[in-house]
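# Observations on the model geometry
Residue-level listing of the chains:
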Amino acid sequence: MESGKIIDFQSLTENVGRFDLRNKVFLIPQMHRIGVHLLAAAFRGFGINARVMDTCKGLDLGKEYTSGKECYPCQITTGDILYFLEKERERLGEGFNSENYVFFMPESGGPCRFGMYNKYQRIILDSFSDLRGVKIGSLTSRDGYSLEGIIEKRRARDLRKAGYFSILLSDILDRLLWKIRPYEKRTGMADEFIERAMQIMEDSLEKYGAKKDFDKIFDKLEEIINEGKKIIDPEVPSKPLIGIVGEIYVRTHVQANQDLIRLLEKYGAEVINASVAEWINYTAYDRFREAKAGFRFGLKQLRPGPMKYYLKRIVGFGGDLFYQEFRQNQAYKRVRSLIGLAKDHKLACLDNILKEKDLFCFDVGTEACLSIAGIVEYAREGYNGVVNVYPFTCMPSTITTAIAKPLMNKLRIPYLDAPYDSSFQPGREAAVRTFMYQAYQHFERNRRKKRV
Ligand code: SF4
């Protein structure tokens, strides 16, 4: 790829933000494989031409256009968009028009670098004369990932609900996979099955998501779960339970974490990864907390303007949170009546854990609050080990490490830090193997205690 000069920095505000997606190709980078396919299907149900891009095929391009100091997810997604556009240019030749595409790259308001990926990627795209027309569609955690402005106003809330529902479904399919794969009757059965299940859920979401006919989708999901249960071999004894926390992109992106869950399973684990819905709920919960604090402050000072402003936000974010948790409870209740999938963590409960243990604080923000509290929750639920998965140098995950390591040591629960970049660490498998040996000892110790 040949690049020219950057035009101007105005582009960072003009060409990054919320754009009308009608008549555009909406490009979604892969993070959580099942999740992005279901999310794209939900968008297609609303008439948006959403496409999931291949991932990691353009990693060399990602590395070429970054300095090495950026976070690993930034390198991967930069490579994904450059690779996609390069192939699209080859495919369409003269007919290629960059104005037709919107690349999806959400952000959070800090304090770490996630707010800068899309700005940096804008600079890269602007350095190619024929890619300047590609818009970067950015949703932000500052407004709880509101979708207003990308579709007709009257449909934006429904799209958000269908989008959230797609994330819930993908979390459940993942949990189903991790529940059945370690006990499958024949190697490969669970993976083949989940691939089919994902396609069934994609079709259902595309068909029923926009109508909010979630019951029809639930019915299909129940059929899938009943079929999935048949893959479990009842003769295989139960295995040590390992919980994963960490940075959302790398812990859910199978190529980025070099398929860590499969590696843990190879050494005898049953694994649960923290969910994607947890992060979406967290953004609504955090905005809700901020709004409550703002309202209290306004009340103290008897200032009606800020009080009115924050009250509106309390209602808005409180409503989002209530709706999300209601849907989540409903979904887990239905599936858990069929199979013992792990429940998801409640945000208020995670917040209370941090307060109770005085370990960290939601006021500081970032995923560290979720990871640290999530680790304590895993410990309380009797997990046999915890792995913290993150991009090399990730700020919130480094904080998690500093707090979790001594804590796990005290609780005598095996703990492993698993940082990733694009290199392969020769000692990784040995570290996982040793960790699993310790987890197995913990598992046996607990089993003996229960028998006594
Ligand atoms: S969470 Fe970690 S990987 Fe993600 S932007 Fe922040 S520092 Fe980078």
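Residues numbered from 1 in each chain as written. Predicted model: local features only at pLDDT ≥ 70, side-chain atom pairs only at ≥ 80, totals over all residues.

## Things to note about the domain arrangement of the chain
- Parsing the chain into structural domains produces domain 1 (11-150) and domain 2 (238-275 + 345-452).
- Its C-alpha centre places domain 1 at a distance of 30 Å from the equivalent point of domain 2.
- Every contact between the two is made by 14 residues of domain 1 and, on the other side, 17 residues of domain 2.
- When residues of the side of domain 1 that touches domain 2 are traced back to their parent elements, those giving at least two are helix H3 (59-64) and helix H4 (72-92).
- Considering every element that reaches the side of domain 1 that touches domain 2, the biggest residue donor is H4, with three residues. (Domains from an automatic or database assignment. Contact = placed C-beta atoms within 7 Å. Helix = DSSP H or I, 4+ residues; strand = E, 2+ residues; numbered from the N terminus.)

## Focus: the site of the ligand
- Taken together, Cys 71, Pro 73, Cys 112, Arg 113, Phe 114, Glu 247, Pro 391, Cys 394, Met 395 and Pro 396 make up all the residues around the ligand.
- Among the residues forming the shell around the ligand, the class breakdown is eight nonpolar, no polar and two charged. (Near = placed C-beta within 6 Å. Nonpolar A, V, L, I, M, F, W, Y, C, P; charged D, E, K, R; others polar.)

## Describing the environment of Arg 160
- Along the polypeptide, Arg 160 turns up in helix H6 (residues 153-180).
- For Arg 160, a count of 22 C-beta atoms within 10 Å translates into the label buried.
- The spatial distance from the C-alpha of Arg 160 to the C-alpha of Asp 320 is 9.7 Å, given a sequence separation of 160 residues. (Buried ≥ 20, exposed ≤ 12 C-beta atoms within 10 Å, placed from the backbone.)

## What to know about helix H16 (residues 428-451)
- For H16, with 24 residues, the first-to-last C-alpha span of 35 Å sits near the 34 Å given by 1.5 Å per residue.
- Within the sequence span of H16, burial applies to Val 432, Phe 435, Met 436, Ala 439 and Phe 443. (Expected span 1.5 Å × (residues − 1).)

## Concerning the sheet that holds strand S8 (residues 385-391)
- The strand order across the open sheet built from four strands is S7-S6-S8-S9, with neighbouring strands paired in parallel fashion. Of all the strands in the sheet, the pair left with one neighbour each is strand S7 (270-273) and strand S9 (415-420). Shown here is a sheet whose adjacent strand axes are inclined to one another by a mean of 25°, direction ignored.
- Bridge analysis of strand S6 (residues 241-246) against S8 gives five bridges, and the strand direction is parallel. Along S8, the bridge assignment pairs Ile 242 with Gly 385.
- The strands that helix H14 (residues 367-380) touches are S6 and S8; relative to S6, the one it contacts most, it runs at about 170°. (Pairing = 2+ DSSP bridges. Axes fitted to C-alpha atoms, helices over the stretch in contact; angles between N-to-C directions.)

## As for unusual backbone geometry
- A positive phi angle, close to 55°, is found at Lys 212, a residue other than glycine.
- With 12 C-beta atoms counted inside 10 Å, the residue Lys 212 sits in the exposed group.
- We note that Thr 393 has phi near 75°; this positive angle belongs to a residue other than glycine.
- Turning to its location among the elements, Thr 393 is positioned in the loop between S8 and helix H15 (395-411).
- The class of Thr 393 is partly exposed, set by 14 C-beta atoms lying within 10 Å.

## Things to note about the packing of H6 against helix H12 (residues 304-336)
- One can describe the packing of H6 onto H12 by two numbers: an axis separation of 11 Å at closest approach and a directional angle of 35°. Seen along the crossing, H6 lies across H12 with a hand that is right-handed. Seen from H6, the contacting residues are Tyr 164, Phe 165, Leu 168 and Ile 172; seen from H12, they are Gln 324, Arg 327, Gln 328, Ala 331 and Val 335.
- When grouped by side-chain class, the residues that make up the contact of H6 with H12 number six nonpolar, two polar and one charged. (Left-handed = near helix turned anticlockwise from the far one by under 90°.)

## Examining the environment of Gln 438
- With respect to the helices and strands, the residue Gln 438 is situated in helix H16.
- On a C-alpha basis, the gap between Gln 438 and Lys 346 in space is 29 Å, while along the polypeptide they are 92 residues apart.
- For Gln 438, the residues in contact, after removing those within four places along its chain, are Gly 385 and Pro 414.

## A short note on the sheet that holds strand S2 (residues 25-28)
- If you walk across this open sheet you meet the five strands as S1-S5-S4-S2-S3, and the pairing is parallel. Two strands bound the open sheet, and with one partner strand each, they are strand S1 (16-17) and strand S3 (49-52).
- Bridge count for S2 against S3 is four bridges, and the pairing is parallel. Paired with Val 25 across the strands is Asn 49, a residue of S3.
- The sheet contacts of helix H2 (residues 33-45) involve S2 and S3, and relative to S3 the element is tilted by about 170°.

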